Amino acid sequence: MKIYFWGPSSSGKTWLFNAFIRRINQINDELTKRYPEYGFQLLVLNEKHASQRINTLNQIDFPTTKSIDYKHYTFSRACNNDDELFRLANVHTHELQMMDGRGDETTGTLPDGATESDRSNIKAAQQSLKEADCLIICVDRGNRAIEGEAGENYLESLNRLITLPRKENQKVCVCFTKSDLYATDIAGFDATLTRIFGANGNRIGEKLRTLNNSTILNEHFYSVSSVGSYLNDKGNCVVNFDGEKVIDEAQWTPVNVELPFFYNFDIAERDILKHIMLIRSNFWEKLTPGKLLEEAKKDLNKEYLSYDQIMRLI
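Sequence positions are assigned chain by chain, starting from 1 and proceeding in written order. Confidence filtering applies because this is a predicted model: local features only for residues at pLDDT of at least 70, side-chain atom pairs given and counted only at 80 or more, and all residues used for totals across whole chains, interfaces and linings. Water and hydrogen atoms were dropped before computing side-chain values, which therefore reflect all heavy atoms in the structure.

Colleague: How should I be thinking about the overall build of the chain in this particular structure?
Modeller: Note on conventions: DSSP H or I runs of at least 4 residues are helices, E runs of at least 2 residues are strands, and numbering of each starts at the N terminus. The number of helices and strands found in the chain is 13 helices and 10 strands. Each residue is assigned to one of three classes by its accessible area relative to the maximum for its type, calculated with a 1.4 Å probe on protein chains only: buried under 20%, partly exposed between the two thresholds, exposed over 50%. For the chain, buried positions account for 47% of its 314 residues. We call two residues in contact when some of their heavy atoms are within 4.5 Å. Within the chain, contacts between residues separated by at least 24 positions form 74% of all contacts whose residues are at least 6 apart in sequence.

Here's what the structure looks like:
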């Protein structure tokens, strides 16, 4: 599965993925304490193609992305239940290629004085976008402090994105990456766009809906915070970020960052189950022409636990 992150510089692309790594470890720890039979694991593939579990506690201070970065991971979902059908439905592994680039390269808005290398990186970014199974759009005005200018540039970049070739059936997830600043869970989709981009908010919303082939965006619109919040010494809830890094490492709890990834895992796993059911049905049909055995009739989807169901356990 190839996932492409799109958004201007400082819109939270790198933070989003690294916060996902942090959150996966937290969810796994919470889940396995109560239900040892379940668990998630995210492994990074190094140069020798050996897998290593990620220790995110050493990855708090994320540097600004300087060039296109391709990260390779294996995400696995384990299940210790002895029931064969249950295991068949709920044990999955995903090979992930995360494509993260400099904001101006991913959006195609190079500054004056761009080098030939910069232009080459844009072509590489566009090719990565074309091959991606999932496009994650980070909605934020990034490092542009002026609301109007940020809106015009973001709108221009979206218009350019809409014209680029993309993979058929590519999934599009829209993430408000700094919900701790905009209270997006309260404001809603259109109101939040107006808060971020001012008068350009409605026009940007129209373009995002065009990309997502949706008029509502409920299912693929996520309010996330890569840094989360915590209670300080005075008992006040404050954003866990000082402008450069997490303030309190021990209380670093990202919010909703796993949802766009889980959405794509769900879709991929359900497609796998459909394929398995077809193979099993055809196999039993050959053994007993005209009569499927009861096991072949069992619906794997009934045994399958969605990520939403698993999250309810904790």
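Colleague: Mind showing me how you'd approach the nonpolar core here?
Modeller: As a rule of thumb, soluble globular proteins bury nonpolar side chains together. Ranked by internal contacts, the top residues of the largest apolar core, which has 45 residues, are Phe40, Phe75, Ile136, Phe261 and Phe262. With sequence-adjacent residues up to four places away left out, phenylalanine 75 is seen in contact with Ile24, Phe40, Gln41, Leu42, His92, Thr93, His94, Leu96, Phe262, Phe265 and Tyr307. Membership of the second largest hydrophobic core comes to 26 residues, among which are Trp6, Val172, Phe197 and Leu208. Here, nonpolar core refers to any group of buried Ala, Val, Leu, Ile, Met, Phe, Trp, Tyr and Cys residues whose side-chain atoms link them within 4.5 Å.

Colleague: Any chance you could explain helix H8 (residues 189–197) here in plain terms?
Modeller: Each α-helix winds once per 3.6 residues, and so residues spaced three or four apart point in a common direction. Burial in H8 covers these residues: Phe189, Thr192, Leu193, Ile196 and Phe197. Buried residues of H8 fall within an arc of 110° about the axis and therefore sit on the same side. Taken from the residues just after H8, glycine 198 is the one with a positive phi, measuring 65°. The arc refers to the directions leading from the helix axis to the C-beta atoms.

Colleague: Sorry if this is basic, but what is going on with the packing of aromatic side chains here?
Modeller: To describe a pair of aromatic rings, you give the distance between the ring centres and the angle between the ring planes. Stacked, edge-to-face and tilted labels apply to pairs of Phe, Tyr and Trp rings (six-membered ring for Trp) whose centres lie within 6.5 Å, assigned for plane angles under 30 degrees, over 60, and everything in between, in that order. Tallied over the full model, the rule gives 20 aromatic pairs. By way of ring pairs, the aromatic residues Phe5, Phe17, Phe20, Tyr73 and Phe261 are connected into one cluster. A ring is scored as having a charge over it whenever the NZ atom of a lysine or the CZ atom of an arginine sits within 6 Å of its centre and within 35 degrees of its normal. Over the face of the ring belonging to tyrosine 307 we find arginine 77, whose NZ or CZ atom lies 4.8 Å from the ring centre.

Colleague: Looking at this structure, I do not really get helix H9 (residues 201–212). What am I missing?
Modeller: Over its 12 residues, H9 extends 16 Å from the first C-alpha to the last, a length consistent with the 16 Å expected when each residue adds 1.5 Å. Every buried residue of H9 is listed here: Gly201, Ile204, Gly205, Leu208, Arg209, Leu211 and Asn212. Down the axis of H9, the sector holding all buried residues measures 155°, keeping them to one side. By definition here, a helix of n residues has an expected span of 1.5 Å times n minus one.

Colleague: Explain the environment of threonine 32 to me, please; I cannot follow it from the model alone.
Modeller: For threonine 32, the location among the structural elements is in helix H1 (residues 13–34). On the basis of relative accessible area, threonine 32 is assigned to the partly exposed category, the value being 28%. When the C-alpha positions of threonine 32 and isoleucine 314 are compared, they lie 9.5 Å apart, and in sequence the two are 282 residues distant. Any pair of N or O atoms that falls within 3.5 Å is considered a polar contact. Within protein, one atom must be able to donate a hydrogen and the other to accept it, and sequence-neighbouring residues count only if both atoms are side-chain atoms. Among the polar contacts made by the side chain of threonine 32, one reaches the main-chain carbonyl oxygen of asparagine 28 at a distance of 2.7 Å.

Colleague: For this particular structure, what's the right way to read the packing of H8 against H9?
Modeller: For any two helices packed against each other, one specifies the crossing angle of their axes together with the interaxial distance. Under this scheme, a helix contributes an axis fitted over its contacting stretch, all axes are lines through C-alpha atoms, and angles between N-to-C directions fall in the 0 to 180 degree range. Where H8 contacts H9, the axes come no closer than 8 Å and their chain directions differ by 125°. Here H9 runs oblique to H8, going by the angle between their axes. H9 is crossed by H8, and the crossing has right-handed handedness. Across from Phe189, Asp190, Leu193, Thr194 and Phe197 in H8, the residues of H9 making contact are Gly201, Asn202, Ile204, Gly205, Leu208 and Arg209. In this scheme, roughly parallel covers angles under 35 degrees and roughly antiparallel covers those over 145, while 65 to 115 is roughly perpendicular and the rest are oblique. Note on convention: near helix rotated counterclockwise from far helix by under a right angle means a left-handed crossing. Clockwise means right-handed.

Colleague: Just checking my understanding: could you explain the state of the cysteines for this structure?
Modeller: The definition used for a disulfide is geometric: two cysteine sulfur atoms within 2.5 Å. In this structure the tally under the stated criterion is 0 disulfides. Cysteine cysteine 138 shares no disulfide, and the gap to the nearest cysteine sulfur, in cysteine 175, comes to 6.2 Å. A relative accessible area of 0% means that cysteine 175 is categorised as buried.

Colleague: I keep staring at unusual backbone geometry and nothing clicks. Help me out?
Modeller: Trans peptide bonds make up the majority, and among non-glycine residues the majority have a negative phi. The phi dihedral of serine 10 falls on the positive side, at around 65°, and the residue is not glycine. On the secondary structure map, serine 10 appears in the loop between strand S1 (2–6) and H1.

Colleague: Please explain the environment of glycine 12 as it appears in this structure.
Modeller: Among the secondary structure elements, glycine 12 is positioned in the loop between S1 and H1. On the accessibility criterion, glycine 12 (13% relative accessible area) is buried. Residues glycine 12 and serine 225, spaced 213 residues apart in sequence, show a C-alpha to C-alpha distance of 9.3 Å. Apart from the residues lying within four places of it in its own chain, the contact partners of glycine 12 are Cys138 and Thr177.

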